[in-house]
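# Architecture at a glance
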Amino acid sequence: MDRHASQSLQNFNNYVGIKFQLYNSLFTSLPFYRIEKTGMLLSFFLNICEEGYKKKMSPVEIIDEFFLKDTSFKKQSEKLDLLFRFIQFVERQVVLFDALEDAAFKYVQDTGGTGTLKQLELEVSQNKAEKALQKKLEDFSVEIVLTAHPTQFYPGSVLGIINDLSKALSENNTARINMYLQQLGKTPFFKKEKPTPYDEAMSLVWYLENVFFAAGGRILSLLKNQFPDAVNENNPVIKMGFWPGGDRDGNPFVNTDITLKVADALRGGIIKCYYLEIRKLRRRLTFKGVEPLLIDLEKQLYNNIFIPGNRTEITQEDILNILNEIRQILIYQHNGLFCYLIDDLVNKVNIFGLHFASLDIRQDSSIHKKLFAALAASGTFFPSDYGKLTEEKKIEFITKNNKEIPEMDHGDPIINDTFKSIRAIKLIQQYNGERGCNRYIISHSETALNVLEIYGLFVLCGWKKEKLKVDIVPLIETVEDLQNSAKTMRTLFENKEYREHLKRRNNIQTIMLGFSDGTKDGGYLMGNWSIYKAKENLTAVSKEFGLDVIFFDGRGGPPARGGGKTHKFYASMGKNISNKEIQLTIQGQTVSSNFGTVDSAQYNMEQLLHAGISNDIFNNRNVTLEKEEEQLLQDLSDIGFRSYIGLKHHPEFMEYLTQISPLKFYSETNIGSRPSKRKKGKMNMEDLRAIPFVGSWSQIKQNVTGYYGVGSALREMEEQGRLKEVKKLYQKSLFFKTLIDNCEMAMKKCFFPITEYLATDEKFGEIWNMIFVEYEVTKKYLFKLTGHNELMAEYPVEQLSVTMREKMILPLVTIQQYAMAKIREIEQEPVKDPLKLTYEKLVMRCSFGIINAGRNSA
């Protein structure tokens, strides 16, 4: 372990580990019902869980023994009441731990070390790369896109407490800490109703206002101070995107009224931020010639926020003109005093404009297919035989059409909303600027027709082709579609009409790639490898047509959904993968865990910026992997794919997931507005969304999607005498090493003794043993590959954090599996048991603490 890692680990122990033990004791003194007894019994219960699993006891046996030996409870109602109190207690322990980690961030992370802008400054100076940096920053940027995917199990009120508690902890303000812990004890974690799409949007607007506004401004100011001539005024380097209120895919509750309301909230949010900044500036800039300009700008901003119906036509350019005029007065009349304050605000206006974040519109291709079928059936606007035409003929008709369809009722709410949403984009651009809403994303985009249908739809909705300021973005998700993606895009690029559209959009095509569904579809290795190969092939075909391709990565929190050491993936790419911009989704848990404070947000955005910039100007790799290395990874992925498909096609696979994991209770957690399935009816893999799929595996501590098939692939390589090749690849390739690092993270959060009682189960014994054997084989070969004898050995701080968190929630996982077992027992009985509903509530309530403790588990 190097000196910095050793210091970080020591700081983690001091600022998190020891403080957790200290402040955790405060819980037992809080003035709440039986809390002291709850805390004491929970400690006994945790010990019994740990000892019980060593003896291979089941969760039911452990809980029964606990109540028999350590309590005097006889009634089942009393026992269940205590289990619920355990859940509440552990939930709040997790909050305390989260707040402590947030408060300790600057002591644990090297905020001036590897992957930061300070390191970039040193590298540029040493390599005399100022001109190369200037060229790179002409059009390079990092875009963080906030989504409303249901992975955030903390309600907004608790997130607020974490934020305040973190500040109090960093200041060692014991009185406030005690007060916030009391507030935490009184604050419910469970919402009785699902949030609306607007609620979801407003919870993320809070992060824009309180975190990203400051962090983005800091980063641009740092860059301009370090490299005054390198930053292009027309390229702010940091961009923000936004999905809540615009993402319709599978969410029937998002409509055009919501979209416009969210766009207005984004505009109002950023204007409010500017207004507050101007108020602060007035305390400093009290000089002649400056104050009247500030007062006038303050009034304009005030009118736009607080006076209904008095929205003025103020633009980003108007604000910048006033600020630049003030700047000139400060320089020439007041010796440049406080000029840096104006510069900081100018940087923020350059980043956030009047849009704050670009609102993306997303819909599934199946809805568009339905829409065009309805138009054909009407016989008025489309040829009645449109559905029978070949793809080529459909494309020809759509791209040559210049007719506009008048606003009308099409007899289907979703079709009506699709038309309205496209017309709404024009209105949003009018008030929020073009960046306010300039992308339409097509989920399950399988063919060129899927993209060209949307191009044609904009024309049908009254957009003139030469004035269409919208990027049409295919979202490619399944392994099969990823493998066919280059062929699909070639067909698209060969279309003359679409090429003209791209020319008007600066010859740039954005393509979104879905990590979640790729892994769900093909397993960990094949999912990631298919995306890599798709990027390589799409980069080549785009270059062939003289186009720049931007990859927009649909990443989730856990490694199985593209999370983990994300910046290292970008840093590992060679010049065969387009690096024009880095765009990625940040959702739910990842927002609060990686971007929850200004310090952590700045650090993680700097990591992404450094990865993209340094990879281009200091990287001499023409390719990410040599041909023989690609073949090796292809072979590994093929073997891993076969192994994963063998599990997925096991006859008890879906039954195992629905009966053993809390999958069927996911929608009852009320954490998101979107349904957990795309269609109503019986649960099946095709309609099951990736988030509940991955999240359910994480709750039963098996994390199948983060490693399954890796061990089988490595074992077969050894049998073929090729393990040395794999070891060499691990040592040489950052891409492959990061894949393995993330795999280790997923495995570190596994704990099979929880479900070991199923090893001899008549129905589920076979599939449980398949999963367990693959886990053990993977662990064995990862140790051979890495040379370590424990998982996550290269990340000691994260390793300790995971260990402490997993221990903390062991009682919850035990209670959840106990309740699931009771539900299965009751379902076998002919007479209904009224306690079934209580057990179901236990299962659902345990999910909050388990997922929250994982920080990137869903």
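Residues numbered from 1 in each chain as written. Predicted model: local features only at pLDDT ≥ 70, side-chain atom pairs only at ≥ 80, totals over all residues. Heavy atoms only, no water.

Our focus in this paragraph is a positive patch on the surface. A cluster of basic residues, Lys 426, Lys 464, Lys 467 and Lys 469, forms a positive patch at the surface. Here Lys 467 is to be found in the loop between helix H18 (448-460) and strand E6 (471-476). When its relative accessible area of 60% is taken as the criterion, Lys 467 is described as exposed. (Patch = residues over 30% accessible without salt bridge, like charges linked within 9 Å, V, L, I, M, F, W, Y side chains within 5 Å. Areas by Shrake-Rupley, 256 points an atom, 1.4 Å probe, with all protein chains shown as cover. Salt bridge = Lys/Arg side-chain N within 4 Å of Asp/Glu carboxyl O. Lys, Arg positive; Asp, Glu negative; His and termini not counted. Charge placed at Lys NZ, Arg CZ, Asp CG, Glu CD. Helix = DSSP H or I, 4+ residues; strand = E, 2+ residues; numbered from the N terminus. Buried < 20%, exposed > 50% of the residue type's maximum accessible area, 1.4 Å probe, protein only.)

So, on to unusual backbone geometry. In this structure, His 444 is a non-glycine residue whose phi angle is positive, near 50°. With respect to the secondary-structure elements, His 444 resides in the loop between strand E5 (439-443) and H18.

In this section: the packing of aromatic side chains. For the structure on display, the rule yields 42 aromatic pairs. Between Phe 287 and Phe 338, the aromatic rings sit 6.4 Å apart at their centres with planes inclined by 10°, giving stacked as the arrangement. In this pair, Phe 287 sits in the loop between helix H11 (256-284) and helix H12 (291-306) while Phe 338 sits in the loop between helix H13 (316-333) and helix H14 (339-352), placing the two residues 51 residues apart along the sequence. Among the residues examined, Phe 338 registers a relative accessible area of 22% and is labelled partly exposed. (Phe/Tyr/Trp six-rings, centres within 6.5 Å; stacked < 30°, edge-to-face > 60°.)

Let's shift gears to the pattern of salt bridges. Throughout the structure, instances matching the rule amount to 53 salt bridges. One salt bridge in this structure joins Glu 143 and Arg 435, with 3.9 Å as the shortest N-O distance. Taken as a pair, Glu 143 in strand E1 (residues 142-147) and Arg 435 in the loop between helix H17 (413-432) and E5 lie far apart in primary sequence, 292 residues in all. Of the charged contacts in the structure, one is a salt bridge between Arg 282 and Glu 298, with a shortest N-O distance of 2.7 Å. Of this pair, Arg 282 sits in helix H11 while Glu 298 sits in helix H12, placing them 16 residues apart in sequence.

So, on to a nonpolar patch on the surface. Taken together, the side chains of Tyr 302, Phe 306 and Ile 307 make up a nonpolar region of the molecular surface, amounting to roughly 260 Å² of accessible area. Mapped onto the fold, Tyr 302 is located in helix H12. The exposure class of Tyr 302 is partly exposed, given its relative accessible area of 36%.

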